[in-house]
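The chain contents come next:
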Amino acid sequence: MLNDIVFFLTEAVNGMRRSGMMIVISVATVTVSLLVFGIFLLVSVNITHLANFMASKLEIRVYLKDSVGESDVSMFRDRLRAMPQVKKLEYVSREEGWKQFQTSYPTMALGEMITQNPLPNSFRVFVVDDSQFVSFAKYLSSIEEYVEDVTYGDIMAERIQMLYRFCRYSGYILVGLLTMATLMIVMNTIRLTVIARQAEIEIMQLVGATNPFIRAPFLIEGFLIGVIGSLLSVGILRPMYSYLAIEFQKKVPFVPLVYDPVTLRYVYFAITGAGIFLGTVGAFIAVSRTLKTKY
Amino acid sequence: MLNDIVFFLTEAVNGMRRSGMMIVISVATVTVSLLVFGIFLLVSVNITHLANFMASKLEIRVYLKDSVGESDVSMFRDRLRAMPQVKKLEYVSREEGWKQFQTSYPTMALGEMITQNPLPNSFRVFVVDDSQFVSFAKYLSSIEEYVEDVTYGDIMAERIQMLYRFCRYSGYILVGLLTMATLMIVMNTIRLTVIARQAEIEIMQLVGATNPFIRAPFLIEGFLIGVIGSLLSVGILRPMYSYLAIEFQKKVPFVPLVYDPVTLRYVYFAITGAGIFLGTVGAFIAVSRTLKTKY
Amino acid sequence: MIRIKKLVKKYPNGFLALDNIDLHVGKGEFIYLVGPSGAGKSTLLDVIFRSELPTSGDIYIDNFSLNHLKPAQVPYYRRNIGMIFQDYKLLPGRTVYDNVAFALRVMHYPRSRIHRHVSQVLELVGLSEKVNHVTAELSGGEQQRICIARAIVNNPPILLADEPTGSLDPETSWEIMQLLSKINSRQTTVLVATHNKSIVDDIRKRVVVLESGKIVRDKHFGTYDG
Amino acid sequence: MIRIKKLVKKYPNGFLALDNIDLHVGKGEFIYLVGPSGAGKSTLLDVIFRSELPTSGDIYIDNFSLNHLKPAQVPYYRRNIGMIFQDYKLLPGRTVYDNVAFALRVMHYPRSRIHRHVSQVLELVGLSEKVNHVTAELSGGEQQRICIARAIVNNPPILLADEPTGSLDPETSWEIMQLLSKINSRQTTVLVATHNKSIVDDIRKRVVVLESGKIVRDKHFGTYDG
Ligand SMILES: Nc1ncnc2c1ncn2[C@@H]1O[C@H](COP(=O)(O)OP(=O)(O)OP(=O)(O)O)[C@@H](O)[C@H]1O
Ligand SMILES: Nc1ncnc2c1ncn2[C@@H]1O[C@H](COP(=O)(O)OP(=O)(O)OP(=O)(O)O)[C@@H](O)[C@H]1O
Ligand SMILES: [Mg+2]
Ligand SMILES: [Mg+2]
């Protein structure tokens, strides 16, 4: 058994040396397609991140009735806080609101003309699940005993939500398509290298080798191609992403890119895993098809 | 000569039939990688389009001094119009401005409290080249004889501009990388199919075939692989994009996708061109390397 | 040992290569299979070796019908048969040693035994000096002898030799045939398809003559021509 | 026609296959090249055919030194030489017709002439019936005859035959050798590397004996053994 394993390993390595240029080419192809796959993953991770970030900025402004007193405010606050949809809550008194309004529109000499603060007390509400953002805002406006009015930057909120979904869906579709594409390219490449050695495989069959015996070195070879290809692509992708991320942060500091090492590590693991999996499975399928005989 | 051409054509077609599975696989790989390339192109075209669209919404609001009379307004309008940076110009009288302001903030009972319109007359200015947006706004605010104040949603404008640049640069980088990736994958695939027929090529050399004579059918084959692969990928991409574009328009109507048939046709031409070019050049390189002999 | 009954082999392109062959080969027998180019000699050996399937008819090996052989059993079946292929079928890019050793590796022989057996058999065919050469670096006759070495290295009970001396000079041919005779004398059943008239006439054995897929003559202690 | 001077061929792995060969072959001569397996017969033919480069020494064809042959001229040079390869070197997956026709197509023969020539030569080697068969579907001897047909189809002034009867039965071998003799009688220079003792002895010609890369004997109207 150990005997066999040693043999399979040396067979795999020697097979790769013999096929020389072919293996170099297929490693290159695997590297490149995993690179594209990785870029797509990183882009989609970043888009999701960005969309999340934008969505997290969405707030519902709940204006309270003037009739609502201090104690009622704190009761209402507790009630809001108890709602599962509420992530964050912030009370804005009418004075603060007016100050904010004035600073937001500095060019209008409102202060000079408006002597009485027109704004009511309000809550800024941030929701947990932004997909329910609009419906939740509508629900809040129905609590008539406290609520005078609810604003949520109607159109903008809906648009950001939709854009978010748009990004997410496109991301899913693209990553899905790209996974399939990578799968096909890697498997096809490995199949081509196996088909080129079809004659060799047939001879092995003639000399009494069982199918698993023939398959083993090819599986190892596919595995190694996957390992080398994915390590190379991660080796290219990691520094490239770090560099570009830093560059972009300089240029567009407000766009929140993903720097989180944990997330990035997941991405790199995904690439490596995909490479190894596709290499090995590709080899398996390729050899199995070639091994199909007429007996 | 015609004799030869007919021979090369039949050789190419027969060669593809003989290599059967290999050709099917390499056509599939070419199709898939062109598909990815095409998706990337479409995504980047759309991102550029979106960024353009967002940037086109940027406006500079030039508030005029109260001292500027009717005739001065029209003089200033002419002056603005003459500036090369100005794309569109719109006059907003103080009455209109007030109405717009009131409808924008319906929840504030401003009308009841403010009896005097606090807003000055203004121009909405849209610029030609949004990369000069901020500097142009600053320039406008320096025309002190007319201008009371200039607003341009400072931070937002800059951000949108930067995001635009970000998208454009990332788009360039991605399309660049992907072009290289497609190039490598297609050429490698074709090289693998040629390497697998190295023995055949050597025999042809032994029988007195010149290198161009050997190369010709392979070039035709590479060309055909490129044609078939690119037509297949365009054949998949076109209906897919139309479908998704319609779906997305339903879901996120405000995101302006590219429907323009001319632009799309360019994209599809690019894919087809890339496929044919890469197939032919890939075959050329692959055969040339195999043809290198020791003499 | 080998009983062939009403064997017909029609190739997919419609060519009838074996036409109702009946042949009985006893254990330890030595048979020359002769006949003109295209007579069906290789096809007959291929069908016995199960690298071709018969169209109809039966082949029994020790009373076991090959019709009952399952695909997964084929490799194990083949290990009982040493086959010297007309076109050698050497594994490309490998050394002489690896080519011969491969037949033992598939049977999970330990390294040391592989080494001993391969060295012995390469000595027998006169290729000890070329043991580490890649097969592409060998002359036609040397390649043929590797194929012979591989076929006999695991002492199979049946040896099928398809034109085993086609690329060998008369002297080497003679030595190889002596080797096959010696192997035969140890109860190995040997079938040799050959065109080598002088060998058939000099080392007299049973001669089966094929023509257009039919057995036209079958003579013990025969010669090439009759 | 062919003058070989101090020819040495050392393979990249260090093996000395041809050791200082001197040989003169006159126009229209017929030479048997014999010697044990691995003597260097194929190497000598390969060097003349320029599928191997000599390590040192000169080969003159009609007073033109092959050392001056540029890579781009090699295909045109080879069209003057019909080569019967020991391992056939047929184009895989193609028909008999296409394999033979290929040698004419590279020379831009028109279709009708190709057709006429190919039909004639296939008739000569007895393969007319197999004209549309794929080469993999042929017996060893049939494949060898395609190779022969391809080598002679364009009437080259030089014919190099490496073991041309290795897979052929005595009768077919005889016919093929008669064919080569006939071609030779039309002023074609013929070199035949062979192990076929009976043919060398029966069709008497000049015999050059190689051993370990050296010419050990060179006799007009000789026999295999001396
Ligand atoms: N795979 C195949 N498909 C179709 N026909 C085939 C195939 N293999 C062989 N044949 C035909 O079957 C006949 C017998 O072939 P076979 O190889 O058995 O001949 P053989 O007796 O070994 O001849 P040789 O002495 O030339 O090797 C030949 O005419 C050949 O053309
Ligand atoms: N490419 C190569 N690299 C290294 N050594 C080689 C190569 N080709 C042949 N040889 C060696 O050179 C010697 C002569 O080989 P060659 O093929 O010329 O012999 P040959 O006389 O044709 O023998 P045979 O009758 O067996 O065909 C052999 O010992 C062989 O091992
Ligand atoms: Mg045969
Ligand atoms: Mg030789």
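Residues numbered from 1 in each chain as written. Chains lettered and ligands numbered in written order. Predicted model: local features only at pLDDT ≥ 70, side-chain atom pairs only at ≥ 80, totals over all residues. Heavy atoms only, no water.

1. Observations concerning helix 6 (residues 170-185) of chain D
Step number 1: Helix length check: helix 6 of chain D, at 16 residues, gives a terminal C-alpha distance of 22 Å against a target of 22 Å (1.5 Å per residue), a fit within 8%.
Step number 2: Of the surrounding elements, those touching the buried residues of helix 6 of chain D are strand 3 (30-34), helix 4 (111-125), helix 5 (140-152), strand 7 (158-162), strand 8 (189-193) and helix 7 (197-202) of chain D. (Helix = DSSP H or I, 4+ residues; strand = E, 2+ residues; numbered from the N terminus. Expected span 1.5 Å × (residues − 1). Contact = heavy atoms within 4.5 Å.)

2. Re the side chain of D:Thr223
Step number 1: Its place among the elements puts D:Thr223 in the segment after strand 10 (214-219).
Step number 2: Non-local contacts of D:Thr223, meaning those with residues more than four positions away in its chain, are made with D:Val200, D:Asp201, D:Arg204, D:Val207 and D:Arg217.

3. Concerning the site of ligand 1
Step number 1: Taken together, 20 residues surround ligand 1, and among them C:Ser42, C:Thr43, D:Ser139, D:Gly141 and D:Glu142 come closest.
Step number 2: The site occupied by ligand 1 is bordered by residues of chains C and D.
Step number 3: Within the side chain of C:His195, one N or O atom sits 2.8 Å away from an oxygen atom of ligand 1.
Step number 4: At a separation of 3.4 Å, an oxygen atom of ligand 1 approaches a polar backbone atom of D:Gly140. (Near = heavy atom within 4 Å. Polar contact = N/O pair within 3.5 Å; in protein donor to acceptor, adjacent residues only side chain to side chain.)

4. Some details on the nonpolar core
Within soluble globular proteins, side chains that are nonpolar tend to cluster in buried spots.
Step number 1: Formed by 262 residues in total, the largest nonpolar core has its most connected members in C:Tyr32, C:Leu44, D:Tyr32 and D:Leu44.
Step number 2: Once residues lying within four places of it in the same chain are set aside, the contact partners of D:Leu44 are D:Ile4, D:Leu7, D:Leu18, D:Ile21, D:Leu23, D:Leu33 and D:Leu210. (Core = buried A, V, L, I, M, F, W, Y, C linked by side-chain atoms within 4.5 Å. Buried < 20%, exposed > 50% of the residue type's maximum accessible area, 1.4 Å probe, protein only.)

5. Things to note about the coordination of the magnesium ion (ligand 3)
Residue and element names in this part refer to chain C.
Step number 1: Taken together, Ser42 (OG) and Gln86 (OE1) make up the protein donors of the magnesium ion (ligand 3), found 1.9 to 2.2 Å from the metal. Remark: Gln86 occurs in the loop between strand 6 (81-84) and helix 3 (96-105) and Ser42 occurs in helix 1 (residues 41-49); sequence separation between them is 44 residues. Taken as a pair, Ser42 and Gln86 share a single burial class, namely buried. (Donors = N, O, S within 2.8 Å, 3.2 Å for Na, K, Ca; no water.)

6. Digging into unusual backbone geometry
Step number 1: The phi dihedral of C:Lys89 is positive, around 50°, even though this residue is not glycine.
Step number 2: Relative to the assigned elements, C:Lys89 resides in the loop between strand 6 and helix 3.
Step number 3: Relative accessible area serves as the criterion here: at 27%, C:Lys89 is assigned to the partly exposed category.
Step number 4: You will see that D:His108, though not glycine, has its phi angle at about 60°, which is positive.

7. Focus: the site of ligand 2
Step number 1: If you check the shell around ligand 2, you find 20 residues, and the closest are C:Ser139, C:Gly141, C:Glu142, D:Ser42 and D:Thr43.
Step number 2: Close to ligand 2, residues of chains C and D are found.
Step number 3: In the complex, the protein chains occlude 93% of the 630 Å² of accessible area that ligand 2 would expose alone.
Step number 4: Contributing elements (two or more residues each) for the shell around ligand 2: helix 5 (140-152) of chain C together with helix 1 (41-49) of chain D. (Areas by Shrake-Rupley, 256 points an atom, 1.4 Å probe, with all protein chains shown as cover.)

8. Notes on the interface of chain C and chain A
Step number 1: Taken together, the contacts link 27 residues of chain C with 18 residues of chain A.
Step number 2: Interface area, chain C with chain A, both sides summed: about 2100 Å², of which 64% is carbon and sulfur.
Step number 3: Counting every contact that joins chain C to chain A gives two salt bridges.
Step number 4: One salt bridge in this structure joins A:Glu11 and C:Arg94, with 2.6 Å as the shortest N-O distance.
Step number 5: Counting across the interface, chain C meets chain A through four residue pairs in polar contact (both at pLDDT 80 or more).
Step number 6: The biggest single contributor to the side of chain C that touches chain A is helix 2 (residues 74-78) of chain C, with four residues.
Step number 7: Along the lines of polarity and charge, the residues of the side of chain C that touches chain A split into 15 nonpolar, three polar and nine charged. (Buried area = accessible area lost by both parts, 1.4 Å probe. Salt bridge = Lys/Arg side-chain N within 4 Å of Asp/Glu carboxyl O. Nonpolar A, V, L, I, M, F, W, Y, C, P; charged D, E, K, R; others polar.)

9. Details of the pattern of salt bridges
Step number 1: Enumeration according to the criterion identifies 26 salt bridges over all chains in this entry.
Step number 2: Here A:Glu90 ties to A:Arg124 by a salt bridge, and the two come within 2.9 Å at their closest N and O atoms. Residue A:Glu90 is found in strand 2 (residues 86-92), and its partner A:Arg124 is found in strand 3 (residues 122-127); the two are separated by 34 residues along the sequence.
Step number 3: Taking the shortest distance from any N to any O, the salt bridge between C:Lys214 and C:Asp19 comes out at 2.9 Å. Here C:Asp19 lies in strand 2 (residues 16-25) and C:Lys214 lies in strand 10 (residues 214-219), a separation of 195 residues in the sequence.
Step number 4: Take C:Lys214: its relative accessible area is 43%, and that puts it in the partly exposed class.

10. Some remarks on the confidence of the model for chain A
Residue and element names in this part refer to chain A.
Step number 1: Chain-level pLDDT for chain A is 81 on average; 84% of the residues reach the 70-or-more range.
Step number 2: Averaged pLDDT values over the elements of chain A bottom out at 49 in helix 4 (residues 110-113) and peak at 92 in helix 7 (residues 198-206).
Step number 3: Note that pLDDT drops below 50 for residues 106-111; the model gives that stretch eight contacts with residues more than four away or on any other chain. (pLDDT = per-residue confidence, 0-100.)

11. Focus on the pairing of strand 3 of chain D
Residues and elements named next belong to chain D.
Step number 1: By the criterion of burial, strand 3 is predominantly enclosed, with five of the five residues buried.
Step number 2: Neither face of strand 3 is open: one carries Phe30, Tyr32 and Val34, the other Ile31 and Leu33, and all of them are buried.
Step number 3: Where strand 3 meets strand 8, four bridges bridge the pair, whose relative direction is parallel. From the neighbouring strand, Phe30 faces strand 8, where its bridge partner is Val190.
Step number 4: Pairing of strand 3 with strand 9 (residues 206-211), which is carried by four bridges, proceeds in the parallel orientation. Across the sheet, the residue bridging to Tyr32 is Val207, located in strand 9. (Pairing = 2+ DSSP bridges.)

12. Quick notes on the coordination of the magnesium ion (ligand 4)
Residue and element names in this part refer to chain D.
Step number 1: Around the magnesium ion (ligand 4), the donor atoms from the protein are Ser42 (OG) and Gln86 (OE1), and they sit 1.9 to 2.2 Å away.
Step number 2: Among the residues examined, Ser42 registers a relative accessible area of 18% and is labelled buried.
Step number 3: A relative accessible area of 19% means that Gln86 is categorised as buried.

13. A word on the arrangement of the chains
Step number 1: Take the four pairs of chains in contact: the one carrying the most contacts is chains A and B.
Step number 2: The two units chain B and chain C are non-contacting; their minimal C-alpha-C-alpha distance is 12 Å.
Step number 3: For chain A and chain D, which are not in contact, the least C-alpha distance works out to 12 Å.

14. Looking at the packing of helix 3 (residues 96-105) of chain D against helix 4 of chain D
All names here are of chain D.
Step number 1: Across the interface, helix 3 lies against helix 4 with an axial gap of 10 Å and an inter-helix angle of 125°. In this view, helix 3 runs oblique relative to helix 4, as classed from their interaxial angle. The handedness of the crossing between helix 3 and helix 4 comes out as right-handed. In this structure, helix 3 uses Val96, Tyr97, Val100, Ala101, Leu104 and Arg105 to contact helix 4, whose residues at the interface are Ile114, His115, His117, Val118, Val121 and Leu122.
Step number 2: For the contact of helix 3 with helix 4, the per-class residue count stands at nine nonpolar, two polar and one charged. (Axes fitted to C-alpha atoms, helices over the stretch in contact; angles between N-to-C directions. Parallel < 35°, antiparallel > 145°, perpendicular 65-115°, else oblique. Left-handed = near helix turned anticlockwise from the far one by under 90°.)

15. Notes on the environment of A:Asp66
Residues and elements named next belong to chain A.
Step number 1: Topologically, Asp66 is positioned in the loop between strand 1 (60-64) and helix 2 (70-82).
Step number 2: Classification of Asp66 as exposed rests on a relative accessible area of 64%.
Step number 3: Asp66 sits 44 residues away from Met22 along the chain, and the two C-alpha atoms are 79 Å apart.

16. Focus on the sheet that holds strand 1 of chain A
All names here are of chain A.
Step number 1: Spatially, four strands are ordered 2-3-1-4 in an open sheet, and the strand pairing comes out antiparallel. Where the open sheet ends on each side, the last strands, each with one partner, are strand 2 and strand 4 (147-151). Recorded for the sheet is a direction-independent mean angle of 20° between the axes of neighbouring strands.
Step number 2: Two strands pair when backbone bridges link them, and strand 1 and strand 4 are joined in this way by four bridges, in the antiparallel orientation.

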